[in-house]
Amino acid sequence: MKNILNVLFLSIALLLGGSQLRMLVVKTTPEMHCNKCETKIKKHMMYERGITKIETSLEKQTVTFTYDARKTNAENITKAMSTIGYECKVVKDVPKEKDKKKK
């Protein structure tokens, strides 16, 4: 069900002006150790304003957020992560690839 909602939100965002979609990749402290860590991040962060998609990677120790820059920014996302016990180091914060091709 959450995957369907993610696709729906992303589709709506693209139709309403996808040029504002950005991708934020962060490393967390403490590191994610298991699926429970990933689930905790996804569960709490999905409801943050502007976030349309969250991907986690235990292997790379990264969390990737797709977000609408009209509604939030990297600073707000990292602050929200700190409320659930994770400090973040930004690896990159860039426009989504599709947006680069449009320009």
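This is a predicted model, so every value here is computed, not measured.

### A few points about the sheet that holds strand β1 (residues 21-29)
Sheet strands pair by backbone hydrogen bonding; their relative direction is either parallel or antiparallel.
Here comes step 1: Spatially, β2-β3-β1-β4 is the arrangement adopted by the four strands of the open sheet, whose pairing is antiparallel. In this open sheet, the two edge strands, each paired with only one partner strand, are β2 (51-57) and β4 (87-95). Here the average twist between neighbouring strands, direction ignored, is 20°.
Here comes step 2: The pairing of β2 with strand β3 (residues 62-68) spans six bridges and is antiparallel. Directly across from Ile 54, in β3, lies its bridge partner Phe 65.
Here comes step 3: Where helix α2 (residues 35-45) meets the sheet, it contacts β2 and β3, and its direction lies at approximately 175° from that of β2.
Here comes step 4: On the sheet, helix α3 (residues 74-83) packs against β1, β2, β3 and β4 and is oriented at approximately 150° with respect to β4.

### Focus: the nonpolar core
Here comes step 1: In this structure, Ile 41, Met 45 and Phe 65 are the most contacted members of the largest nonpolar core, which totals 18 residues.
Here comes step 2: Of all the secondary structure elements, the ones that give two or more residues to this core are β1, α2, β2, β3 and α3.
Here comes step 3: A total of four residues in this core trace back to one element, the largest contributor, which is α3.
Here comes step 4: Other than its neighbours up to four places away in sequence, Phe 65 contacts Arg 22, Met 23, Leu 24, Val 26, Met 45, Ile 51, Lys 53, Ile 54, Ile 77 and Met 81.

### Re the confidence of the model for the chain
Here comes step 1: Summary statistics for the chain give a mean pLDDT of 86 and a share of 77% for residues scoring 70 or more.
Here comes step 2: Taken as a whole, residues 99-103 scores under 50 in pLDDT and shows five contacts with residues more than four places along the chain or in a different chain.

### Here we look at α2
Here comes step 1: Those residues of α2 that sit buried are Cys 37, Glu 38, Ile 41 and Met 45. Seen from one end, α2 has its buried residues packed into an arc of 100°, which puts them on one side. Turned more than 90 degrees away from the buried face of α2, the exposed residues are Asn 35 and Lys 36.
Here comes step 2: Those residues of α2 that are buried lie in contact with β2, β3 and α3.

About the cut-offs
Numbers given to residues run from 1 along each chain, matching the order in which its sequence is written. Under the rules for a predicted model, residues below a pLDDT of 70 receive no local features and side-chain atom pairs below 80 are neither given nor counted, while totals for whole chains, interfaces and linings still include all residues. Heavy atoms throughout the structure, all of them, feed into the side-chain values; hydrogens and water do not. The rule for pairing is simple: two strands pair if DSSP sees at least two bridges between them. Elements are defined by DSSP. Helices are runs of H or I of four residues or more, strands are runs of E of two residues or more, and each kind is numbered from the N terminus. Here the axes come from fitting lines to C-alpha atoms, over the contacting stretch only for helices, and the angles between their N-to-C directions go from 0 to 180 degrees. Two residues form a contact once any of their heavy atoms are found within 4.5 Å. Definition used in this section: a nonpolar core is a set of buried Ala, Val, Leu, Ile, Met, Phe, Trp, Tyr and Cys residues joined via side-chain atoms within 4.5 Å. Buried, partly exposed and exposed residues are distinguished by accessible area as a fraction of the type maximum, computed with a 1.4 Å probe on protein chains only: under 20%, between the cut-offs, and over 50%, respectively. On a scale of 0 to 100, pLDDT captures the predictor's confidence in every residue. What the arc covers is the set of directions going from the helix axis to the C-beta atoms.

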